[in-house]
Amino acid sequence: LAEQLIRLSGRKPGQDIKIIYTGLRPGEKLYEELFHEEENLDKTEIDKIMLAKSRKVNWNKLCTTISQLEKETYSFDEDALRETMKKLVPEQLPAGGHDDKPNKVSLRVINNG
């Protein structure tokens, strides 16, 4: 992709603009999760478009958890905040966390002129 963009700008990859493969940065996402396991998917009229039905949430429990987050925020209790957030969004990976999906290489492009 970087090489194509360089060529489209009228330059030569590796000569005019250097490409350096740097690996992943902390928190960098390799993919987007469109749905999570607990969402039920329905087909639509268009073959490749799905409709997600969100999971049901207990409103009182949600309000209580948000109040808990507010208290933990005001007390600067980062560990408690993380644990409470895990309850709200259980499918979220921890910061800098990884799952079992393969890594891809990211790169940095340097304009030499």
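## As for the overall build of the protein chain
- Helices and strands together make up the secondary structure of the protein chain, namely 3 helices and 4 strands.
- Counting contacts in the protein chain only where the partners sit at least 6 residues apart, residues at least 24 apart contribute 51% of the total.
- Counting every atom, the protein chain has about 10200 Å² of accessible surface; 53% of that belongs to carbon and sulfur.

## Looking at the environment of K71
- Its place among the elements puts K71 in helix 2 (residues 59–74).
- Once the C-alpha coordinates of K71 and L81 are considered, the two residues, 10 residues apart in sequence, prove to be 9.2 Å apart.

## Re the confidence of the model for the protein chain
- Averaged over all residues, the pLDDT of the protein chain equals 78, while 80% of them reach at least 70.
- Predicted confidence for residues 98–107 stays below pLDDT 50, and this span has 21 contacts to residues more than four positions away or in other chains.

## What about the layout of surface pockets?
- Computed from the structure, the second largest pocket encloses a volume of approximately 270 Å³.
- It is helix 2 that contributes the most residues to the lining of the second largest pocket, 3 residues altogether.
- Split into classes, the residues belonging to the lining of the second largest pocket amount to 4 nonpolar, 2 polar and 5 charged.

## Regarding the pattern of salt bridges
- Tallied over the full model, the rule gives 5 salt bridges.
- In this structure, the salt-bridge partner of K53 is D42, at a minimum N-O distance of 3.0 Å. Note that K53 is positioned in strand 3 (residues 50–53) and D42 in strand 2 (residues 40–43), a separation of 11 residues in sequence.
- A residue is classified by how much of its surface remains accessible, and K53, at 46% relative accessible area, is partly exposed.
- With a relative accessible area of 27%, D42 lands in the partly exposed category.
- The closest approach of N and O atoms between K86 and E83, which form a salt bridge, is 3.2 Å. Separated by 3 residues within a single helix, K86 and E83 lie in helix 3 (residues 78–88), roughly one turn from each other.
- Residue E83 is classed as partly exposed on the basis of its relative accessible area, which comes to 45%.
- Salt bridges sharing partners connect three or more residues here, namely E78, D79 and R82.

## Examining the side chain of E72
- Secondary-structure assignment places E72 in helix 2.
- Of the buried charged residues, E72 lacks a salt bridge, with K87 as the closest side chain of opposite charge at 6.6 Å.
- Of note is the side chain of E72, whose polar atom sits 2.8 Å from the side chain of T84.

## Digging into the pairing of strand 2
- As judged from the 4 bridges shared by strand 2 and strand 3, these two strands associate in the antiparallel manner. When the bridges of strand 3 are listed, D42 appears paired with L51.
- Here strand 2 hands over to strand 3 after 6 residues, the two strands then running antiparallel side by side.

Conventions we followed
- Residues numbered from 1 in each chain as written.
- Predicted model: local features only at pLDDT ≥ 70, side-chain atom pairs only at ≥ 80, totals over all residues.
- Heavy atoms only, no water.
- Helix = DSSP H or I, 4+ residues; strand = E, 2+ residues; numbered from the N terminus.
- Contact = heavy atoms within 4.5 Å.
- Areas by Shrake-Rupley, 256 points an atom, 1.4 Å probe, with all protein chains shown as cover.
- pLDDT = per-residue confidence, 0-100.
- 1 Å grid on protein atoms, 1.4 Å probe; cavity = no way out; pocket = protein on both sides within 12 Å on 5 of 7 lines; lining within 4 Å.
- Points joined across faces, edges and corners; volume = space filled by probe spheres on them.
- Nonpolar A, V, L, I, M, F, W, Y, C, P; charged D, E, K, R; others polar.
- Salt bridge = Lys/Arg side-chain N within 4 Å of Asp/Glu carboxyl O.
- Buried < 20%, exposed > 50% of the residue type's maximum accessible area, 1.4 Å probe, protein only.
- Lys, Arg positive; Asp, Glu negative; His and termini not counted.
- Polar contact = N/O pair within 3.5 Å; in protein donor to acceptor, adjacent residues only side chain to side chain.
- Pairing = 2+ DSSP bridges.

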